[in-house]
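Architecture at a glance
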Amino acid sequence: MVYAVPLIIFMDNVSGNISKQWNKHHAIYMSNANIPWEMLEKEFFVCFITSSPHAAPMELTVHSDAANPGIIAWDCKDQEEVMLIPYGLFVAGDNPMQAKECSHVGLNCNYFCQTCNVSSTKEYKASHKGYNSIFMMQETYEHLKRRLKIFDINSRLL
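Since the structure is predicted, the reported quantities are computational estimates derived from the model, not experimental observations.

Criteria and thresholds
- Residues numbered from 1 in each chain as written.
- Predicted model: local features only at pLDDT ≥ 70, side-chain atom pairs only at ≥ 80, totals over all residues.
- Heavy atoms only, no water.
- Helix = DSSP H or I, 4+ residues; strand = E, 2+ residues; numbered from the N terminus.
- Buried < 20%, exposed > 50% of the residue type's maximum accessible area, 1.4 Å probe, protein only.
- Contact = heavy atoms within 4.5 Å.
- Areas by Shrake-Rupley, 256 points an atom, 1.4 Å probe, with all protein chains shown as cover.
- Core = buried A, V, L, I, M, F, W, Y, C linked by side-chain atoms within 4.5 Å.
- Pairing = 2+ DSSP bridges.
- Axes fitted to C-alpha atoms, helices over the stretch in contact; angles between N-to-C directions.
- pLDDT = per-residue confidence, 0-100.

Moving on: the overall build of the protein chain. Helix and strand counts for the protein chain stand at 6 helices and 5 strands. Listing every helix and strand of the protein chain by position from the N terminus yields β-β-α-β-α-β-β-α-α-α-α. Per-residue burial for the protein chain yields a buried fraction of 21% across its 158 residues. Taking the contacts inside the protein chain whose residues are at least 6 apart along the sequence as the reference set, 45% of them involve residues at least 24 apart. Here the protein chain has roughly 12,400 Å² of accessible surface; of this, 60% comes from carbon and sulfur atoms.

Next up on the list: the nonpolar core. Counting 9 residues, the largest nonpolar core consists of Val5, Leu7, Ile9, Met11, Ile28, Met30, Ala55, Leu60 and Met97. Of all elements in the fold, only strand S1 (2–15) and strand S2 (24–32) reach the threshold of two or more residues within this core. The element that contributes the greatest number of residues to this core is S1, accounting for 4 residues. Excluding residues within four positions of it along the chain, methionine 30 makes contact with Leu7, Ile8, Ile9, Phe45, Val46, Cys47 and Ile49.

Moving on to the environment of serine 15. Within the secondary structure, serine 15 sits in strand S1. The partly exposed category is assigned to serine 15, whose relative accessible area is 29%. In the structure, serine 15 is positioned 11 residues away from histidine 26 in sequence and 8.7 Å away in space, judged by C-alpha atoms.

Strand order across the open sheet formed by 5 strands is S3-S2-S1-S5-S4, with mixed pairing between neighbours. Each end of this open sheet is capped by a strand with a single partner; those strands are strand S3 (47–52) and strand S4 (71–75). Each strand axis lies, on average, 35° off the axis of its neighbour in the sheet, ignoring direction. Bridge count for S4 against strand S5 (residues 80–93) is 5 bridges, and the pairing is antiparallel. Bridged to isoleucine 71 within S5 is leucine 84.

The subject of this paragraph is the pairing of S5. Looking at chain direction, S1 and S5 are connected through 10 bridges and run parallel. Residue pairing for S5: valine 5 is matched across the bridge by proline 86. With antiparallel pairing between neighbouring strands as the criterion, S4 and S5 make up a hairpin whose turn holds 4 residues, including glutamine 79 at a positive phi of roughly 55°.

Our next topic: the confidence of the model for the protein chain. Across the protein chain, pLDDT averages 76, with 68% of residues at or above 70. The lowest-confidence element of the protein chain is helix H6 (residues 141–157), averaging 62 in pLDDT; the highest-confidence one is S4, averaging 91.

The following block contains the structure:
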């Protein structure tokens, strides 16, 4: 029997010191995504993988070649050998860590995402009028149709 094992990979930066001095380490944890969510919340099902003060987080998540041909294990329930093929389902992390790994400035940028047209200075967005403008519709329907038509013409030219 062959089983695909989806893994949730979590990365975070932690301090390696007991004192208040910050000594940054990148830590990688994994969980089996096949386990029910109620069980995944328990500390027992989160496996520490590695930590390093020098390597970048994405270097630490490089998968081993041991997973390519699969891992042979014993299924004690069915009393037979099984092959496990692990794969990364998604990489999780806190917002500052994900923004750093994606080369994104996070909420400090003028455009929050690639599809939003909310743009202005940080001071304007912090004002009452600017904050309310974030939640207003930015484009009219006609403007959006024009943009889609231009995109369709460009995609046909390619």
